[in-house]
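Chain by chain, the residues:
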Amino acid sequence: MALPACAARALGPPLQPERGAPARTTCPRRHSRVEAELAASRPGAVAASVRAGPPRGVSRGFNSQPLLDEPLKASSSLAGAARTPLFALLPRGRRRRMHDLRRRWDLGSLCRALLTRGLAALGHSLKHVLGAIFSKIFGPLASVGNMDEKSNKLLLALVMLFLFAVIVLQYVCPGTECQLLRLQAFSSPMPDPYRSEDESSARFVPRYNFSRRDLLRKVDFDIKGDDLIVFLHIQKTGGTTFGRHLVRNIQLEQPCECRVGQKKCTCHRPGKRETWLFSRFSTGWSCGLHADWTELTSCVPAVVDGKRDARLRPSRNFHYITILRDPVSRYLSEWRHVQRGATWKASLHVCDGRPPTSEELPSCYTGDDWSGCPLKEFMDCPYNLANNRQVRMLSDLTLVGCYNLSVMPEKQRNKVLLESAKSNLKHMAFFGLTEFQRKTQYLFEKTFNMNFISPFTQYNTTRASSVEINEEIQKRIEGLNFLDMELYSYAKDLFLQRYQFMRQKEHQEARQKRQEQRKFLKGRFLQTHFQSQGQSQSQSHRQNPSQNPSQNPNLNANQNVTQNLIQNLTQNSSQKENRESHKQNPGQEQSDGSSSNSTNDYIGSVEKWR
């Protein structure tokens, strides 16, 4: 049987590669078998193979010692002579890798040993320190039983529990995001979610005087009835976001059905195949694209009940709602939208039964759209409907002859449009502001008694905010939208006054409820105390029937105090009931003997309140 080439080369002197020849691997992966054959055939090979380390693929134990340690010391020269031809069989690169692997193996063993001993020493010292602390705290109890062993087990259990709690806490609350780790959560009260959202002063100073009727907006909206919510969507006021909230983010007995890939949702009343919402995302643009107040008031009743007989049409209440925005931001947002190719050509602008003519409403551009127009060109067009858009869409255009500018002078026309827009806005069921998303959500929920699932989000960075304009351009935009500027100031004042009024009303109702609960609990306590005192008195009288009650002054004093408290409470409750009855029936006189001084009458009134 012929030996492999590696074994043949190992028996003779090492062969040197020819000059200029490419380097190649001369030893196959059967190197371990060749070493074994050579170790059996040559003297000193065993010592060389042992000193060279374990064969390839075989790991040596952590605490294992080299075999034949003494023979290695005695025959070191033979081992060196035998090891030289074995390593000469390998190329230079593989020899270097084997040397690095052996060095890393020795270094890893050393690191493991140091780590094990270090951890053992640390645990030993920690045990002594914690044991000393434990002995200081629980020293008096150390004499009971075998306390050392028990204390060590208890201490170990406490340390393990603490480490487990730290690991769980870091997993559940990474970093400083957990509210439990913030000290201000315990020191300061929870912030108001309806704080000033536009970074202005929290204290609001009203400019306009509104009546209680104007501020208290509470609509008796029955979704199961025939009433309808109509959303007037003004361009670039955040109406798309609010419209999605109405169909996707509101708690209903029968939620709207919204399918993937479709903008419109089906919002039916419970038990009926009839919609309760007239908006872009429920009924579509049934009255035209971005229909205004003039179009909606004449179109919505015909669209909803057009197919029914006039005698069978129910008497509906149409609750109009809308969203307003700062005029400068809205104007810049519309300009950016027009730059991207928006035209709103599908808008009908129907007024007084007909759309405007091309002479009454000329176009600002020639072509399919006005994409890429600069801001100066957008502002220079005198027929641009973006100018004072909010006033025009909220006013009754039939009062000024629709789009015919020759009906009345421009100054008078602007005044009529502004007053009409203010009046319609004030008498709307609800309106919100884009700059106050959380307050808008709060007022809508209080007005219609409908709650949203998730809170609204305030976006302070929009496309309009990314447009940098100087003071001159801003003044010009405000001049082009002077009617919208005045309307927005009016709307903001009314909006914040309504919010402030509703918050105060909510706090007063909560305070009144707490007071009534205290009165109820106080009455129950006095009733229980009086009954227990009467029972104790009857028991003492049974035990000592010959004793005179006047001989016990403490009992008489307690009875007098209890009776005085009950009498005061019952008098206060009766006076309150008399005041309420006087308010309800001012013409009727109340008899003097209507109030009762007994505890049962007071409790009866409290139970009636419950």
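See above for the structure.
Caption draft 1: View of the pattern of salt bridges. Applying the stated criterion across every chain yields a total of 13 salt bridges. Lys224 is the salt-bridge partner of Glu253, the closest N and O atoms lying 3.4 Å from each other. Taken together, the residues span a long stretch of sequence, with Glu253 in the loop between α10 (239-248) and β2 (257-258) and Lys224 in the loop between α9 (212-215) and β1 (228-232) at a distance of 29 residues. Residue classification places Glu253 among the exposed positions, given a relative accessible area of 61%. The exposure class of Lys224 is partly exposed, given its relative accessible area of 44%. Between Arg330 and Glu334 there is a salt bridge; the shortest N-O distance is 2.6 Å. With a gap of four residues between them, Arg330 and Glu334 both fall in helix α12 (residues 327-339), about one helical turn apart. If you follow the salt bridges from partner to partner, you end up with Arg269, Glu274, Asp305 and Arg316 in one network.

Caption draft 2: Inspection of the side chain of Ser347 at higher detail. Among the structural elements, Ser347 can be located in the loop between α12 and α13 (375-380). Among the residues examined, Ser347 registers a relative accessible area of 12% and is labelled buried.

Caption draft 3: Here's a closer look at helix α11 (residues 293-305). Relative to the 18 Å expected for 13 residues at 1.5 Å per residue, α11 spans 19 Å between its end C-alpha atoms, a close match to the ideal helical length. The sharpest bend along α11 measures roughly 35° and falls at Cys299, with the proline Pro301 sitting one to four residues further on. Within α11, the full set of buried residues consists of Trp293, Thr294, Glu295, Leu296, Cys299, Val300 and Asp305. The distance from a side-chain oxygen at the start of α11 to the backbone nitrogen of Thr294 is 3.3 Å, and the residue carrying that oxygen is Asp292.

Caption draft 4: The sheet that holds strand β6 (residues 430-433), seen in detail. The sheet built from four strands is open, its strands ordered β4-β1-β5-β6 with parallel pairing. Each edge of the sheet is formed by a strand with only one pairing partner; in this case those strands are β4 (277-278) and β6. Inspection of the sheet shows strand β5 (residues 318-324) paired to β6 by four bridges, in the parallel sense. Following the sheet pairing, Thr322 is matched in β6 by Phe431.

Caption draft 5: Molecular detail of the nonpolar core. Counting 72 residues, the largest nonpolar core has Phe242, Trp276, Leu296, Ile321, Leu394, Phe444 and Phe448 as the members making the most contacts within it. Ranked by residue count, the leading element in this core is helix α18 (residues 482-543), at 11 residues. Grouped together as the second largest cluster of nonpolar side chains are 18 residues, Cys373, Cys381, Ala464 and Val467 included.

Caption draft 6: A look at the environment of Arg503. Take Arg503: it is sitting in helix α18. Residue class for Arg503 comes out buried when judged on its relative accessible area of 16%. Note: C-alpha distance between Arg503 and Tyr442 (61 residues apart in sequence) is 9.5 Å.

Caption draft 7: Spotlight on empty space enclosed by the protein. One pass over the structure, following the stated rule, counts four cavities of 30 Å³ or more. What the largest cavity holds in volume is close to 110 Å³. Looking at the largest cavity, it is lined by 13 residues, and the ones nearest its centre are Phe231, Phe278, Gly284, Trp285 and Leu296. Partitioning the lining of the largest cavity into residue classes produces six nonpolar, six polar and one charged. Taken as a whole, the second largest cavity encloses approximately 70 Å³ of empty space. Lining the second largest cavity we find Leu215, Arg217, Ala429, Phe430, Phe431, Leu443, Thr447, Arg498 and Met502. Among the elements of the structure, β6, α16 (437-448) and α18 are those that each provide at least two residues to the lining of the second largest cavity. When the residues that make up the lining of the second largest cavity are grouped by side-chain class, the tally is six nonpolar, one polar and two charged.

Caption draft 8: Structural detail: the packing of aromatic side chains. For the coordinates displayed, the defined rule picks out 20 aromatic pairs. Here the aromatic rings of Tyr365 and Trp370 are separated by 5.9 Å at their centres, their planes lie at 25°, and the arrangement is stacked. Taken as a pair, Tyr365 and Trp370 share a single burial class, namely buried. Relative to Phe495, the ring of Phe436 lies with its centre 5.9 Å away and its plane at 35°, an arrangement referred to as tilted. Placement of Phe436 in the loop between β6 and α16 and of Phe495 in helix α18 is noted, with a sequence separation of 59 residues between them. Taken together, the ring pairs in this structure connect Phe221, Phe231, Phe242, Trp276, Phe430, Phe444, Phe448, Phe452 and Phe456 into an aromatic cluster. The residue whose ring lies beneath Arg389 is Trp344, and the NZ or CZ to ring-centre distance is 5.6 Å. A cation sits over an aromatic face here: Lys439 above Tyr499, 5.3 Å from the ring centre.

Caption draft 9: Structural context of the layout of surface pockets. The volume enclosed by the second largest pocket comes to roughly 910 Å³. Contributing to the lining of the second largest pocket are 39 residues, with Thr237, Gly238, Arg325, Thr434 and Thr462 lying nearest its centre. Listing elements by their share of the lining of the second largest pocket, those giving two or more residues are α10 and α12.

Caption draft 10: Representation of the state of the cysteines within the structure. Counting across every chain of the model gives five disulfides. The residue that forms a disulfide with Cys256 is Cys267, at a sulfur-sulfur distance of 2.1 Å. Looking along the S-S bond of the Cys256-Cys267 disulfide, the torsion reads about 115°, which is the right-handed sense. Here the residue Cys256 occupies a position in the loop between α10 and β2, and Cys267 occupies one in the loop between β3 (265-266) and β4, the gap between them amounting to 11 residues. Given a relative accessible area of 2%, Cys267 falls into the buried group. One disulfide in the model links Cys364 with Cys381; its S-S distance is 1.8 Å. Around the S-S axis, the bridge from Cys364 to Cys381 shows a dihedral of about -75° and counts as left-handed. One end of the pair, Cys364, is in the loop between α12 and α13; the other, Cys381, is in the loop between α13 and α14 (389-394), and 17 residues separate them in sequence. Owing to a relative accessible area of 9%, Cys381 belongs among the buried residues under this scheme. As a non-bridged cysteine, Cys373 has Cys364 as the owner of its nearest cysteine sulfur, 9.4 Å distant.

Caption draft 11: Looking closely at unusual backbone geometry. In this structure, Lys236 is a non-glycine residue whose phi angle is positive, near 60°. As for its position among the elements, Lys236 is in the loop between β1 and α10. Since its relative accessible area comes to 22%, Lys236 is described here as partly exposed.

Caption draft 12: Broad picture of a positive patch on the surface. A grouping of Arg92, Arg95, Arg96 and Arg97 is seen on the molecular surface, where their side chains present a positively charged patch. Summarising the element assignment, Arg95 is placed in helix α6 (residues 92-137). On the basis of relative accessibility, which here comes to 32%, the residue Arg95 falls in the partly exposed class.

The rules behind these values
Residues numbered from 1 in each chain as written. Predicted model: local features only at pLDDT ≥ 70, side-chain atom pairs only at ≥ 80, totals over all residues. Heavy atoms only, no water. Salt bridge = Lys/Arg side-chain N within 4 Å of Asp/Glu carboxyl O. Helix = DSSP H or I, 4+ residues; strand = E, 2+ residues; numbered from the N terminus. Buried < 20%, exposed > 50% of the residue type's maximum accessible area, 1.4 Å probe, protein only. Expected span 1.5 Å × (residues − 1). Bend = angle between axes of the 7 residues up to and from the residue. Polar contact = N/O pair within 3.5 Å; in protein donor to acceptor, adjacent residues only side chain to side chain. Pairing = 2+ DSSP bridges. Core = buried A, V, L, I, M, F, W, Y, C linked by side-chain atoms within 4.5 Å. 1 Å grid on protein atoms, 1.4 Å probe; cavity = no way out; pocket = protein on both sides within 12 Å on 5 of 7 lines; lining within 4 Å. Points joined across faces, edges and corners; volume = space filled by probe spheres on them. Nonpolar A, V, L, I, M, F, W, Y, C, P; charged D, E, K, R; others polar. Phe/Tyr/Trp six-rings, centres within 6.5 Å; stacked < 30°, edge-to-face > 60°. Lys NZ or Arg CZ within 6 Å of the ring centre and 35° of its normal. Disulfide = S-S within 2.5 Å. Patch = residues over 30% accessible without salt bridge, like charges linked within 9 Å, V, L, I, M, F, W, Y side chains within 5 Å. Areas by Shrake-Rupley, 256 points an atom, 1.4 Å probe, with all protein chains shown as cover. Lys, Arg positive; Asp, Glu negative; His and termini not counted. Charge placed at Lys NZ, Arg CZ, Asp CG, Glu CD.

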